[in-house]
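# A structural walkthrough
Chain by chain, the residues:
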Amino acid sequence: MEGPMKRKISNEVLDRIRDALGPLGVADDAAALAPHLSEWRNRWRGSTPLLVKPATTEEVSRVLLICSETSTPIVPQGGNTGLVGGQIPTQGELLLSLERMDDIRSVSASDNTMTVDAGAVLGKVQLAAEKAGRLFPLSLAAEGSCTIGGNLSTNAGGINVLRYGMSRDLVLGLEVVLADGRILDMMRGLRKDNTGYDLKQLFIGAEGTLGIITGATLKLFPSVSNYSTVFASLSNIDAAIQLLNKLQSSTGNLITAFELIPRRGLELVLKHIPQTSDPLPASHEWSVLIEVSNPEAFDVTKALEEGLAGAVDDELVVDAIFAKSERDRQALWRLRETISEARRLEGASIANDISVQPSKIPLLIANSNAAIEKVFPGAIPIAFGHVGDGNIHYAVCAAKGRDEELLSLRDAIENAVFAEVERLGGSISAEHGLGLAKNDAITRYKSAAEIEVMKTLKAALDPKNILNPGKVLPTS
Ligand SMILES: Cc1cc2nc3c(=O)[nH]c(=O)nc-3n(C[C@H](O)[C@H](O)[C@H](O)COP(=O)(O)OP(=O)(O)OC[C@H]3O[C@@H](n4cnc5c(N)ncnc54)[C@H](O)[C@@H]3O)c2cc1C
């Protein structure tokens, strides 16, 4: 397979695309391109001769046909909130944005499905479901900008995975344009369909390397009116998973979110994020933000209170505070959702999105802390996030004035953390993907046979390597 193409894209190709899409379908002025060429963490920068903005699936197909005929590389981009660089055209490729394809095509409350364009922003999709009296449960801090196409291409997780699953679990149908321009219409929306390979799953989590997702049929759930949200401080980190299991039993599996919040992360939020306050009088090293929700008139608060009372008796929980209003609930969630932003405002960090089986999380944190201390003495680890799914965002930060030293040790720090993840049978990318950040590292953690099958699929679906070249698959 050919490697990433660094050659200049000819004016002839650019003119063919301009002619195919008309003036609204392309942009090449610096102001229009700028927001698409850097990303949230400022780690990767790109360049492109043309931003391509098709308005329909047929137009996407026309663009890919031209790309295929001329072996022109193209990078799809949704809301540009990805954290591993997959959406950035680092080799001067064409940049494909589905921002003009953002319609909610249909909502069926009776079938509990909705069909949307891939360029629709997640927040808009959630709102459309809500208007129909239903819930689309995918939820993450970037939901005001990220798109369904990006969410599915990264198989995004977020805060409700415990109850509703990853993006992959929320899809009933997919529309995909292949590298040669063929349209795969897999939008049947069936809950049961065992007619051979489940092709749609191939494109979910493929980060735009196997096809362009242009539409999706999504699963809807009963809307939720009844929330109970509690911030609970733990006696120690081991208590987290015991508490989760206890509360799953007492609430009948109604927990939607169970998020670990370390004291260090909370302190950064209190320091950098306006209108935040410490929820409890005393400070404890580890806390969890727990949310239970239910569509019906079942008293979720009572079930959670009873479960927590038992956890206090068992010395798992030392103190807890319930949200008494929607405003309280939002304030508690702000403490969790702004940890990444507060950390960024504080200075540099090396972020790792890792997972193990939930019961192994305390060991993973302890072992990783010890390992990075050897590589970078004085390192400040901040482990937070979706502990209920076994997924920890493990950020390594530095004391004031040591940012450059920290960043110069990125490879050594990542390798130390990944080695601990591997020792415990975990994953080095739980929900953010591989992109440019981990595509080479993955060869050390997947078997040669797995990598070979990935390469075989890529070669079969994109033989000219024009779709997001250099991403996901190892470069050598
Ligand atoms: C503050 C913040 C919080 C976050 N929290 C979470 C979290 O809790 N859980 C989580 O999983 N992620 C999280 N993320 C990461 C990010 O939001 C998700 O990866 C999101 O799904 C990316 O969507 P996007 O539309 O921005 O895609 P982009 O960033 O634009 O693209 C992501 C990848 O998908 C490909 N792609 C985009 N659209 C298409 C398409 N239509 N067809 C084919 N390929 C396509 C791109 O080429 C790229 O490889 C967070 C990010 C931020 C900034």
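Residues numbered from 1 in each chain as written. Predicted model: local features only at pLDDT ≥ 70, side-chain atom pairs only at ≥ 80, totals over all residues. Heavy atoms only, no water.

Moving on: the sheet that holds strand S12 (residues 226–234). What the four strands build is an open sheet, ordered S13-S14-S12-S15; its pairing is antiparallel. Edge strands, defined here as strands with exactly one partner in the open sheet, are strand S13 (255–262) and strand S15 (317–322). The average undirected angle you get between the axes of adjacent strands in this sheet is 20°. In this sheet, strand S14 (residues 286–294) lies alongside S13 in antiparallel orientation, the contact comprising seven bridges. Residue Glu259 lies in a different strand from S14, and its bridge partner there is Leu289. (Pairing = 2+ DSSP bridges. Helix = DSSP H or I, 4+ residues; strand = E, 2+ residues; numbered from the N terminus. Axes fitted to C-alpha atoms, helices over the stretch in contact; angles between N-to-C directions.)

Here the focus is the side chain of Glu420. Mapped onto the fold, Glu420 is located in helix H15 (residues 410–423). Exposure remark for Glu420: the relative accessible area of 8% places this residue in the buried category. A distance of 3.0 Å separates a polar atom in the side chain of Glu420 from a polar atom in the side chain of Arg423. Those residues in contact with Glu420 that lie beyond four places of it in its chain are Leu364, Asn367, Ser368 and Ala371. (Buried < 20%, exposed > 50% of the residue type's maximum accessible area, 1.4 Å probe, protein only. Polar contact = N/O pair within 3.5 Å; in protein donor to acceptor, adjacent residues only side chain to side chain. Contact = heavy atoms within 4.5 Å.)

Our next topic: the environment of Pro377. Along the polypeptide, Pro377 turns up in the loop between helix H13 (361–375) and strand S17 (380–384). Sequence spacing of Pro377 and Pro54 is 323 residues, and the spatial spacing of their C-alpha atoms is 51 Å. When neighbours within four sequence positions are excluded, Pro377 is seen to be in contact with Ile372 and Arg402.

Glancing now at the packing of aromatic side chains. Applying the stated criterion to the full structure yields two aromatic pairs. Taken together, a centroid distance of 4.9 Å and an interplanar angle of 70° make the contact between Tyr164 and Phe221 edge-to-face. You can see Tyr164 sitting in helix H6 (residues 161–164) and its partner Phe221 sitting in strand S11 (residues 221–222), a full 57 residues away along the chain. A residue is classified by how much of its surface remains accessible, and Tyr164, at 11% relative accessible area, is buried. Taken together, a centroid distance of 5.8 Å and an interplanar angle of 85° make the contact between Phe418 and Tyr445 edge-to-face. Residue Phe418 is located in helix H15, and its partner Tyr445 is located in the loop between H15 and helix H16 (448–461); the two are separated by 27 residues in the primary sequence. On the accessibility criterion, Tyr445 (24% relative accessible area) is partly exposed. Between the NZ or CZ atom of Arg329 and the centre of the ring of Tyr227, over which it lies, the distance is 3.6 Å. (Phe/Tyr/Trp six-rings, centres within 6.5 Å; stacked < 30°, edge-to-face > 60°. Lys NZ or Arg CZ within 6 Å of the ring centre and 35° of its normal.)

Another point: the confidence of the model for the protein. Per-residue confidence for the protein gives a mean pLDDT of 94, with 98% of residues at or over 70. Below pLDDT 50 for its whole length, residues 1–5 participates in 17 contacts with residues either more than four positions away or in separate chains. (pLDDT = per-residue confidence, 0-100.)

Here we come to the sheet that holds strand S2 (residues 51–52). An order of S1-S2-S4-S3 is seen for the four strands of this open sheet, with the pairing classed as mixed. A single partner strand is all that each edge strand has here, and the edge strands are strand S1 (26–27) and strand S3 (74–77). The pairing of S1 with S2 spans two bridges and is classified as antiparallel. In the strand pairing of S2, Val26 is matched with Val52.

Moving on: the site of the ligand. Surrounding the ligand, one finds 34 residues, the nearest of these being Pro76, Gly78, Thr81, Gly82 and Thr147. Between the ligand and the protein, one listed contact pairs an oxygen atom with a backbone N or O atom of Gly78 at 2.7 Å. At 3.5 Å, a backbone N or O of Gly208 approaches a nitrogen atom of the ligand. Taking 980 Å² as the accessible area of the ligand by itself, protein coverage stands at 95%. In terms of residue count, the dominant contributor to the shell around the ligand is helix H5 (residues 148–153) (four residues). Residue composition of the shell around the ligand, by class: eleven nonpolar, 21 polar and two charged. (Near = heavy atom within 4 Å. Areas by Shrake-Rupley, 256 points an atom, 1.4 Å probe, with all protein chains shown as cover. Nonpolar A, V, L, I, M, F, W, Y, C, P; charged D, E, K, R; others polar.)

Two quantities define a packed helix pair, namely the angle between the axes and the distance from one axis to the other. At a minimum axis distance of 9 Å, the contact between H13 and H15 shows a crossing angle of 150°. Here H13 is positioned roughly antiparallel relative to H15, judged by the angle of their axes. Two packed elements cross with a definite hand, and for H13 against H15 that hand is right-handed. For the pair H13 and H15, contact is made by Leu364, Asn367, Ser368, Ala371, Ile372 and Val375 and by Ala412, Ile413, Ala416, Val417, Glu420 and Val421, respectively. Partitioned by chemical class, the residues of the contact of H13 with H15 number nine nonpolar, two polar and one charged. (Parallel < 35°, antiparallel > 145°, perpendicular 65-115°, else oblique. Left-handed = near helix turned anticlockwise from the far one by under 90°.)

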